[in-house]
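Reading the structure
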Amino acid sequence: MSIEDAVVSAASYQAQLLGSIAEYDDAPAALAQQESQVAELVAQIQDDEKRLQALAANAKKEKRGHESLRDSTARRLAHTLTGKKEKFAARESEEERKYVEALEREFEARDALNVLRGIHRDAKLDDLSEKVRRRRSLKVELSALYGQIFNGPSLAFPEDDELEEQLKVVQEQYDEKRRRMDMESEGADTLTRADRTLSTCREKVSEKLDYTRWALSSYLDMEERSVFRQARELAHQVQLLVREAQSSCPSVGDIGELPVSQRQVKQRQLISEHG
């Protein structure tokens, strides 16, 4: 069979293989990106677990100090008898504040860690790995098909070998440009998700700003705590999404800290009102 006849005979199969390969063109870059992000995520989870242990231990210590002072009838009586009742009350209030803040830091760290663990559970490396394997297998089939037709000197097409080399160069250039385009596109999509999440976070915080103008005690009602916890989780998701976008697009800048804890919001609110 001549090369011309072989090309015509294999045209349909070649088109089928090329179409199938094109369906998985995004998979290699997506898998590499996902693997890098998962590795960073695992490292961050490990660091956050250690940090949470330290914060939990500190919260327990502050709780013991707070309860010891609160439940000390003898010390309370001694301060009352010596005319230092107000001093004792101030110290008791300070111990309570330290305990509440330590507990809040522990809750914030626990919420952030749960967000990371959820993202790690949702990472679908297996799906991408299978797509990459399928794409590699299809390309092997395509190479085998070309080999059957064109291997060896191509007397009928003397320029064939030179064109093959040119094709390799062009293919490499295309793959690199496609990889960059995919990463830029992924970064843009991630920033869009971050923007939507940030808007939701703002709404959650705004829901309780009016309440916090007068609810300045250490303990807040259950509804407010729930809203702030949701806002903290959303803020942490925003920071993770921005870091994900930065790993895809180095030109993406940092957004810094997103203060949505009860203590930080109150401090900023007081500064705004009295500044």
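Scoring rules and cut-offs
- Residues numbered from 1 in each chain as written.
- Predicted model: local features only at pLDDT ≥ 70, side-chain atom pairs only at ≥ 80, totals over all residues.
- Heavy atoms only, no water.
- Helix = DSSP H or I, 4+ residues; strand = E, 2+ residues; numbered from the N terminus.
- Buried < 20%, exposed > 50% of the residue type's maximum accessible area, 1.4 Å probe, protein only.
- Contact = heavy atoms within 4.5 Å.
- Areas by Shrake-Rupley, 256 points an atom, 1.4 Å probe, with all protein chains shown as cover.
- Salt bridge = Lys/Arg side-chain N within 4 Å of Asp/Glu carboxyl O.
- Core = buried A, V, L, I, M, F, W, Y, C linked by side-chain atoms within 4.5 Å.
- Polar contact = N/O pair within 3.5 Å; in protein donor to acceptor, adjacent residues only side chain to side chain.
- pLDDT = per-residue confidence, 0-100.

Some points on the overall build of the protein
In terms of helices and strands, the protein carries eight helices and zero strands. Walking the protein from its N terminus toward its C terminus, one meets helices and strands in the order α-α-α-α-α-α-α-α. Burial status across the protein gives 33% buried among its 275 residues. A sequence separation of at least 24 residues applies to 79% of the contacts in the protein between residues at least 6 apart. When the accessible surface of the protein is totalled, it reaches about 17,700 Å², and 52% of it is carbon and sulfur.

What about the pattern of salt bridges?
In the structure shown here, the tally under the stated rule is seven salt bridges. The salt bridge involving Arg117 is made with Glu49; its shortest N-O contact spans 3.0 Å. Remark: Glu49 occurs in helix H2 (residues 27-70) and Arg117 occurs in helix H4 (residues 85-122); sequence separation between them is 68 residues. Classification of Glu49 as partly exposed rests on a relative accessible area of 30%. Taken together, the shared-partner salt bridges in this structure form one network comprising Glu94, Arg97 and Glu101.

Observations concerning the side chain of Asp111
With respect to the helices and strands, Asp111 occurs in helix H4. Setting aside residues up to four positions removed in sequence, Asp111 forms contacts with Arg229, Arg232 and Glu233.

Description of the nonpolar core
Counting nine residues, the largest nonpolar core is built from Leu41, Ile45, Leu52, Leu55, Ala109, Leu113, Val115, Leu116 and Leu240. Elements represented by at least two residues in this core include exactly H2 and H4. Leaving out residues up to four positions away in the same chain, Val115 has contacts with Glu233, His236, Gln237 and Leu240.

Section: the environment of Arg97
Examined against the element boundaries, Arg97 turns out to sit in helix H4. With a relative accessible area of 33%, Arg97 lands in the partly exposed category. Each C-alpha atom of the pair Arg97 and Glu62 lies 9.5 Å from the other, and the pair is 35 residues apart in sequence.

Remarks on the environment of Asp25
Here Asp25 shows up in the loop between helix H1 (3-23) and H2. When the C-alpha positions of Asp25 and Arg178 are compared, they lie 8.8 Å apart, and in sequence the two are 153 residues distant. There is a polar contact of 3.3 Å between the side chain of Asp25 and the side chain of Arg135.

Regarding the environment of Glu104
Looking at the secondary structure, you find Glu104 in helix H4. Between the alpha carbons of Glu104 and Arg229 there is a distance of 9.9 Å; along the sequence they are 125 residues apart.

Describing the confidence of the model for the protein
When pLDDT is low, close inspection of the predicted coordinates is not appropriate. Overall, the predicted model of the protein reaches an average pLDDT of 75, with 72% of residues at or above 70. Taking the mean pLDDT of every element in the protein, the minimum, 49, falls on helix H8 (residues 262-274) and the maximum, 85, on helix H5 (residues 125-150). Scored below 50 in pLDDT, residues 214-220 makes twelve contacts in the model with residues more than four places away or belonging to other chains. Counting interchain partners and residues more than four positions distant, the pLDDT-below-50 stretch residues 268-275 has seven contacts.

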